[in-house]
Amino acid sequence: MPKLLVLGLCAGYFLVLLDVTVVNVALPQINADLQAGQSGMAGVINAYTFVLAALLLAFGAIGDRWGHRRIVVFGFLCFFLGSLACSLAPTIEFLVASRALQGVGAAATMTGTLAMLSESAADDRERNKLVGLWAALGGVALPVGPLLGGLLVELGNWRAVFWLNLPVIVAALIPILMHSTPRRALARSGGPAKGTVPDHVSGRVGSSDHAESPKFPGSTRFSVSSRARLLFACIVAALMNFCVLGSLFLLTQFFQDDRGLSPLQAGLATLPALLPMPVFGALSGKVSNRLGVWRTSAMGLIVAGVGLGLMGLTVSGTSLWGLWLALFVWAIGVGILTPAIVAAAMHALPQRPGFASGAGSTARNVGGATGVTVFAVLYTVDTGILMAGAGVVMLAASFICLEVGRRTQGGRSEGGQAAARVPAAKSRDPDPYSVGGTGRPDL
């Protein structure tokens, strides 16, 4: 897959996540300039996130039917127009409506970019690598948002936060428009698309997969184990973002309210969370190819949970060095976890990358929004206790990943190794998630 195309698709995901957090530090200026009030400032945030979460599944299904490249181009255009409108907004009502248009573009971009990468991969190994890069570069946007937003607001004004998107979108669109990605979604007749291998032939799913299953748009029959793996991947992804975004919300408030830092200084204070994510996110794909996506996810959850526990112990200290070290450990875990759990969802339904991408993205957005809401309500509770509690949640989620990994052929068929080694004749063991399944590795 051309490197410029991969970079363009990753840039789209980066912008989607960047606009989740970059606007936060601009809210005081927006309030002063447009007399927004508390409800108006909340509308600036919610108009984007609510529309984004509401349309993810729909755009995933549409992309599976009509092609994900079209969805990506549509998403970029909506995001461009929405960003331009936001930068020129004369009133708070106009700004809120423009943010909703951004949300439409963000939903199409998030599902379409991941689906394009997934369907272009030749095998699970390449898919793990591409998804790892996509998630790593996109994940950097969450901690870099407050830093970049604070810098733009201090050097210019709040409108610069939206101007930033325009040249990036144009640059990212060029390789996408020049490249025609093969659409591997199912044909309208309901059969597998050219270039895909049914699960019962590849040996990755048991004989119970031939049982009657519900039909989704595109007439694909989902196996019982596929639906189970996708469900568990969505649950873990939701818990991940619940803890990650909730913790980031607490951390930025802590740096500004308790430590008295400016928005830019608070953004700089989160740099230890920024540095490890792209490095370990890129390594996550290689680890997944050896251990499987579920075991790799468990590893990331354990490291991130330990980091949050350390943050809970050090957040009330007089020095920031201990907190920064804990934040660094937490970021390593999140960097490992994010690509692996995203890949777990995509591997569950390789024939329907749009639907799998939409389901996983919806889970992450709902989990993140819930986390921010819950942590905001509990803001008066000791910050250290909340951080430690989030760490316990991530450690508990690691047991889910370990158990699913044990039941899905030792966790390795999802990582790109076992599928190539297991003969089709051995795919007749009972489904580990079906009634009577043994749960034994099919090796």
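None of the values given here were measured: they were computed from a predicted structure.

Undergrad: Whenever I open this one, the overall build of the protein confuses me. Can you help?
TA: Counting secondary structure elements, the protein contains 19 helices and zero strands. Within the structure as shown, the protein displays about 17,200 Å² of accessible surface, and the carbon and sulfur contribution to it stands at 69%.

Undergrad: Explanation requested: the nonpolar core in the structure shown.
TA: The tendency in soluble globular proteins is for nonpolar side chains to be buried as a group. Counting 116 residues, the largest nonpolar core has Val-23, Ile-30, Leu-95, Met-311, Trp-330 and Ile-341 as the members making the most contacts within it. The biggest single contributor to this core is helix α11 (residues 224-258), with 15 residues. Here Ile-341 is in contact with Ala-233, Val-236, Ala-237, Met-240, Trp-294 and Ser-297, once residues within four sequence places are set aside.

Undergrad: What is the right way to read helix α2 (residues 27-34) from this model?
TA: Note on helix geometry: an α-helix contains 3.6 residues per turn, so any two residues three or four positions apart are oriented the same way. Taken together, the buried positions of α2 are Leu-27, Ile-30 and Leu-34. The arc enclosing the buried residues of α2, seen along the axis, measures out at 55 degrees, which places them on a common side. Opposite its buried face, α2 presents the exposed residues Pro-28 and Ala-32, each directed more than 90 degrees away.

Undergrad: How should I be thinking about the packing of helix α3 (residues 37-66) against helix α5 (residues 92-120) in this particular structure?
TA: Between two packed helices, what matters for the description is the angle formed by their axes and the separation of those axes. Closest axis-to-axis distance for the α3/α5 pair is 7 Å, and the angle between their directions is 30 degrees. It follows that α3 is roughly parallel to α5 by the angle criterion. Crossing hand, α3 versus α5: right-handed. Tallied by class, residues from the contact of α3 with α5 come to 18 nonpolar, six polar and one charged.

Undergrad: Is there a simple way to think about a nonpolar patch on the surface in this case?
TA: Together, Ile-302, Val-306, Leu-310, Leu-313 and Leu-395 line one region of the surface with nonpolar side chains, adding up to about 420 Å² of accessible area. With four residues, helix α15 (residues 293-314) is the largest single contributor of residues to the nonpolar patch. With relative accessibility at 68%, the residue Leu-313 sits in the exposed group.

Undergrad: I keep staring at the pattern of salt bridges and nothing clicks. Help me out?
TA: Under the counting rule described, the total for this entry stands at five salt bridges. Arg-159 is the salt-bridge partner of Asp-33, the closest N and O atoms lying 3.7 Å from each other. With a gap of 126 residues between them, Asp-33 in helix α2 and Arg-159 in the loop between α7 (141-155) and α8 (160-163) connect regions that are remote in the sequence. Here Asp-33 falls in the partly exposed class, since its relative accessible area comes to 39%. Looking at Arg-159, the relative accessible area reads 18%, which means it is buried. Ionic pairing is found between Glu-403 and Arg-406, a salt bridge with its closest N-O pair at 2.8 Å. Of this pair, Glu-403 and Arg-406 both sit in helix α18 (residues 383-407), three residues apart, roughly one helical turn.

Undergrad: Any chance you could explain the environment of Ala-298 here in plain terms?
TA: Position of Ala-298 relative to the elements: it lies in helix α15. If we ignore the near neighbours within four places in the chain, the residues touching Ala-298 are Ser-398, Cys-401 and Leu-402.

Undergrad: Can you help me understand the packing of aromatic side chains in this one?
TA: Pairs of aromatic rings are described using the distance from one ring centre to the other and the angle between the two planes. This model, assessed by the stated rule, comprises seven aromatic pairs. When the ring of Phe-242 is compared with that of Phe-375, the centres are 5.7 Å apart and the planes differ by 70 degrees; the resulting orientation is edge-to-face. Of this pair, Phe-242 sits in helix α11 while Phe-375 is found in helix α17 (residues 353-377), placing the two residues 133 residues apart along the sequence. In this structure, Phe-242 and Phe-375 share a single accessibility class: buried.

Undergrad: I'm lost on the side chain of Ser-361 in this one. Help?
TA: Mapped onto the elements of the fold, Ser-361 is located in helix α17. Accessibility expressed as a relative area gives 0% for Ser-361, which makes it buried. Polar contacts involving the side chain of Ser-361 include one to the side chain of Arg-364, which spans 3.0 Å. Every residue in contact with Ser-361, bar those within four places of it in the chain, is listed here: Leu-56 and Met-110.

Undergrad: Can you help me understand the side chain of Ser-398 in this one?
TA: Relative to the assigned elements, Ser-398 resides in helix α18. Look at Ser-398 and you get buried, because its relative accessible area is 3%. Here the side chain of Ser-398 touches Leu-395 through a polar contact of 2.4 Å, landing on its backbone oxygen. Beyond its immediate sequence surroundings of up to four residues, Ser-398 is in contact with Ala-298, Leu-301 and Ile-302.

Undergrad: Help me out: how do you make sense of unusual backbone geometry in this one?
TA: Residues apart from glycine generally show negative phi values, whereas peptide bonds are mostly found in trans. Within the chain, Gln-35 stands out as a residue other than glycine whose phi angle is a positive 50 degrees. Locating Gln-35 in the fold gives a position in the loop between α2 and α3.

Undergrad: What exactly am I supposed to notice about helix α14 (residues 276-291) here?
TA: Its maximal kink placed at Gly-285, α14 deviates by approximately 30 degrees. Inspection of α14 places Pro-276, Met-277, Gly-281, Ser-284, Gly-285, Ser-288 and Asn-289 among the buried residues, and these make up the whole buried set. Looking one or two residues past α14, Gly-292 carries a phi angle of roughly 95 degrees, positive in sign.

Undergrad: Just to check I follow, could you spell out the environment of Gly-367 for this structure?
TA: Here Gly-367 is to be found in helix α17. Separated by 121 residues in sequence, Gly-367 and Gly-246 have C-alpha atoms that sit 9.3 Å apart. Those residues in contact with Gly-367, other than ones at most four positions away along the chain, are Ala-238, Asn-241 and Phe-242.

Undergrad: I keep staring at the confidence of the model for the protein and nothing clicks. Help me out?
TA: Reading predicted coordinates in detail is not appropriate for stretches of low pLDDT. On average, residues of the protein score 77 in pLDDT, and 81% of them are at 70 or above. Element-level pLDDT for the protein is lowest in helix α10 (residues 199-202), with a mean of 38, against a maximum mean of 94 in helix α4 (residues 68-87). Of the regions scoring below 50 in pLDDT, residues 183-224 engages in 95 contacts with residues more than four places distant in sequence or in other chains. Throughout residues 410-443 the model reports pLDDT below 50, and contacts reaching past four residues in sequence, or to other chains, amount to 90 contacts.

How each quantity is defined
Residues numbered from 1 in each chain as written. Predicted model: local features only at pLDDT ≥ 70, side-chain atom pairs only at ≥ 80, totals over all residues. Heavy atoms only, no water. Helix = DSSP H or I, 4+ residues; strand = E, 2+ residues; numbered from the N terminus. Areas by Shrake-Rupley, 256 points an atom, 1.4 Å probe, with all protein chains shown as cover. Core = buried A, V, L, I, M, F, W, Y, C linked by side-chain atoms within 4.5 Å. Buried < 20%, exposed > 50% of the residue type's maximum accessible area, 1.4 Å probe, protein only. Contact = heavy atoms within 4.5 Å. Arc of directions from axis to C-beta. Axes fitted to C-alpha atoms, helices over the stretch in contact; angles between N-to-C directions. Parallel < 35°, antiparallel > 145°, perpendicular 65-115°, else oblique. Left-handed = near helix turned anticlockwise from the far one by under 90°. Nonpolar A, V, L, I, M, F, W, Y, C, P; charged D, E, K, R; others polar. Patch = residues over 30% accessible without salt bridge, like charges linked within 9 Å, V, L, I, M, F, W, Y side chains within 5 Å. Salt bridge = Lys/Arg side-chain N within 4 Å of Asp/Glu carboxyl O. Phe/Tyr/Trp six-rings, centres within 6.5 Å; stacked < 30°, edge-to-face > 60°. Polar contact = N/O pair within 3.5 Å; in protein donor to acceptor, adjacent residues only side chain to side chain. Bend = angle between axes of the 7 residues up to and from the residue. pLDDT = per-residue confidence, 0-100.

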